[in-house]
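What follows is the residue order along each chain.
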Amino acid sequence: MEYPTFPKECNSLLAKYLTKELFEILKTRTTPNGFTLEKAIRSGVENPDSSIGVYAGDKESYTTFAELFDPIIEEYHSFSKESQYQSSFDGLESVELDPKGEYILSTRIRVGRNLEGFPLGAIISKEQRNEVESLVVNALSRLEGDLAGVYYPLYDMSQEVQEQLIEDHFLFKEGDRFLESAGLNRDWAEGRGIFHNHNKTFLVWLNEEDQLRIISMQKGGNISEVFERLVSAIKALEETLNFAYSEHLGYISSCPTNLGTAMRASVHIKLPKLSKDMERLKSITDKYHLQIRGVDGEHSESRGAIFDISNRRRLGISEVEAVRDLVEGVKVLIEVEEKS
Ligand code: ADP
Ligand code: CIR
């Protein structure tokens, strides 16, 4: 493979950190599972509008290609090489983000997880992916009470049901071009599916970007309730499943932006006034380490002045701190919106 050329307007962290010299050093390295630099960067090369542009194929990718992954991880999470993964699920105060019920439509917190001993989705084989599915479905079938639910494999789902679940923000989209280039959509829809409880407040996605996305969500802004439900689900699943993890990077994920706590806490928030002053909105979200996404998730647009606002950092801060990033920033956003 030749050194890729990135168009001038390309702002990805891949383009920023993959110099020709570094490319020459890394291009012959391979992880024990056969993952190469060419595979790691394919998504960012084929999609120059990527913000990041790299994916890991296994846990070892993060050490084998450390010279490329480390600066990307440092910049995205504001995490230095000397820092350590931190974790704490305790001590989140009871928080209602929108007591008047005027701004926040819904609150969601998810974590990504992958199983120890398997390659990540970019190079997992069909058989291994099916094995992951059966291990996880077995673990999910043991959940009780509010967390108990049913697993719906994607290949068995009607187009109509699938579209409705996507529209209602419960299910992942199909055909994401960033994941496609990374090899993460291979053998679609085999091994993919969604588990959810009766009222869809607890959900697990299987074998999308990560092997598990564990999700808690509900209408309104009671984020402590959403957090508590998620924590009880993670703890229950840890009794049966062994998640891929490293002392330094925390939970291992396909995309370096999801390392560490692998947690994204978000609100769908309506900000009609601030939506007319995107510069101001952006300055507040930047100050509080928040990211703005559209209503249909990553790489989508905002509609009706509704934004998906979430914590940006996931590594080097604990789970409780990741949620607090969102709480602090949203408080300010609502204050500013009210005064505008
Ligand atoms: P992820 O959060 O898993 O990284 P996306 O950004 O693609 O991935 O979002 C996945 C889905 O979750 C999308 O349909 C998105 O609209 C939905 N979603 C995210 N946050 C919320 C929220 N606070 N309320 C309702 N739906 C949400
Ligand atoms: C990209 O590089 O744009 C995609 N591969 C997605 C990166 C993850 N985005 C994020 O900010 N969490």
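Further up the page is the structure itself.
The following paragraphs examine the structure supplied in this document. (Residues numbered from 1 in each chain as written. Chains lettered and ligands numbered in written order. Predicted model: local features only at pLDDT ≥ 70, side-chain atom pairs only at ≥ 80, totals over all residues. Heavy atoms only, no water.)

Observations regarding the overall build of the protein
Rules: Only runs of H or I of at least four residues qualify as helices and only runs of E of at least two qualify as strands under DSSP, and these elements are numbered from the N terminus. For the radius of gyration, the atom set is restricted to C-alpha positions; the globular benchmark scales as 2.2 Å times the number of residues to the power 0.38. Residue-level accessible areas treat just the shown protein chains as cover; the underlying method is Shrake-Rupley with a 1.4 Å probe. In this count, Lys and Arg are taken as positive residues and Asp and Glu as negative ones, while His and the chain termini are left out. By convention, the charge on Lys lies at NZ, on Arg at CZ, on Asp at CG and on Glu at CD.
Per the secondary structure count, the protein includes 11 helices and 10 strands. Its C-alpha radius of gyration of 20 Å places the protein within 12% of the 20 Å reference for a compact globule of 340 residues. Referenced to the eigenvectors of the C-alpha coordinate spread, the extents of the protein come out at roughly 60 × 45 × 40 Å. With an accessible surface of roughly 15100 Å², the protein has 48% of that area assigned to carbon and sulfur atoms. When the 40 basic and 57 acidic side-chain charges of the protein are each reduced to a single mean position, those positions are 3 Å apart.

With respect to the site of ligand 2
Heads up, the condition is: Throughout, the term near means that a residue has one or more heavy atoms lying within 4 Å of the molecule or strand in question. Polar contact criterion, stated in full: a pair of N or O atoms within 3.5 Å, where within protein one must be able to donate a hydrogen and the other to accept it, and residues adjacent in sequence count only if both atoms are side-chain atoms. Polarity classes work like this: nonpolar for Ala, Val, Leu, Ile, Met, Phe, Trp, Tyr, Cys and Pro, charged for Asp, Glu, Lys and Arg, and polar for all others, with Gly in that last group.
Taken together, 14 residues sit near ligand 2, with S51, I52, Y55, Q291 and E298 positioned nearest. Between a nitrogen atom of ligand 2 and a side-chain N or O atom of E298, the distance comes to 2.4 Å. Contact with the protein chains covers 96% of the free accessible surface of ligand 2, which is 340 Å². When grouped by side-chain class, the residues that make up the shell around ligand 2 number 5 nonpolar, 6 polar and 3 charged.

Concerning empty space enclosed by the protein
Quick reminder of the rule: Buriedness for pockets is judged along seven lines, at least five of which must meet protein on both sides within 12 Å for an open set on the 1 Å grid over protein atoms alone, while cavities are sets there where a 1.4 Å probe fits but cannot get out, and lining residues have an atom within 4 Å of a point. Grid points are joined across faces, edges and corners, and a volume is the space filled by probe spheres set on the points.
This model, assessed by the stated rule, comprises 1 cavity of 30 Å³ or more. By volume, the largest cavity amounts to about 40 Å³. Along the walls of the largest cavity sit N114, G121, I124, R129, L184, R192, N207, E208, E209, D210 and Q211, which together make up its complete lining. Residues belonging to the lining of the largest cavity are distributed by class as follows: 2 nonpolar, 4 polar and 5 charged.

Observations concerning the site of ligand 1
As a matter of local geometry, ligand 1 sits amid 18 residues, with S106, R108, S266, R293 and V295 nearest to it. Between ligand 1 and the protein, one listed contact pairs an oxygen atom with a side-chain N or O atom of R213 at 3.0 Å. A distance of 3.4 Å separates a nitrogen atom of ligand 1 from a polar side-chain atom of D308. Across the complex, the protein chains shield 93% of the 550 Å² of accessible surface that ligand 1 would expose by itself. Residue assignment for the shell around ligand 1 shows that the elements contributing at least two residues are β1 (104–113), β5 (212–219) and β8 (263–270). Counted by class, the shell around ligand 1 contains 4 nonpolar, 6 polar and 8 charged residues.

Focus: the environment of V45
We count it as follows: Contact criterion: two residues are considered in contact whenever any of their non-hydrogen atoms come within 4.5 Å of each other.
Among the secondary structure elements, V45 is positioned in helix α3 (residues 37–46). Between the C-alpha atom of V45 and that of C10, which follows or precedes it by 35 residues, the distance is 9.8 Å. Residues contacting V45, with those up to four places away along its chain left out, are P4, F6 and L14.

Observations concerning the nonpolar core
Buried together is how nonpolar side chains tend to be arranged in soluble globular proteins. What counts, and what does not: By convention a nonpolar core is built from buried Ala, Val, Leu, Ile, Met, Phe, Trp, Tyr and Cys residues, the set being connected through side-chain atoms within 4.5 Å. Note on exposure labels: buried denotes an accessible area under 20% of the residue type's maximum, exposed denotes more than 50%, and partly exposed covers the range between, all computed with a 1.4 Å probe on protein chains only. Marked domain ranges trace back to an automatic or database domain assignment.
Counting 90 residues, the largest nonpolar core has L68, I109, I214, F227, I269 and V323 as the members making the most contacts within it. A total of 10 residues in this core trace back to one element, the largest contributor, which is helix α11 (residues 319–339). Both of domain 1 (13–77) and domain 2 (104–339) provide at least three residues apiece to this core. When near neighbours in sequence (up to four residues on either side) are disregarded, F227 contacts F89, L92, I109, M263, E319, V320 and V323. The next biggest cluster of nonpolar side chains, apart from the first, holds 12 residues, and it includes L154, L171, I194 and I215.

Focus: the packing of aromatic side chains
This is how the line gets drawn: Put simply, two rings from Phe, Tyr or Trp (the six-membered ring, in Trp's case) pair if the centres are within 6.5 Å, and we call them stacked under 30 degrees between planes, edge-to-face over 60, tilted for the rest. We count a charge as sitting over a ring when the NZ of a lysine or the CZ of an arginine lies within 6 Å of the ring centre and within 35 degrees of the ring normal.
Applying the stated criterion across every chain, the model contains 8 aromatic pairs. Judged by centre distance (5.6 Å) and plane angle (80°), the ring pair of Y85 and Y245 falls under edge-to-face. Of this pair, Y85 sits in the loop between α5 (66–77) and β1 while Y245 sits in strand β6 (residues 245–246); the two residues are 160 residues apart in sequence, bridging distant segments of the chain. By relative accessible area, Y245 is classed as partly exposed at 30%. Relative to W205, the ring of F172 has its centre 5.3 Å away and its plane inclined at 80°; by these criteria the two rings are edge-to-face. Within this pair, whereas F172 is found in the loop between α7 (159–167) and α8 (177–182), its partner W205 is found in strand β4 (residues 202–206), the two being separated by 33 residues in sequence. The pair formed by F172 and W205 is uniform in burial state, with each residue classed as buried. Chaining the aromatic ring pairs together yields one cluster made of Y85, Y245 and Y251. We note R113 situated over the ring of Y251; from NZ or CZ to the ring centre the distance is 3.5 Å.

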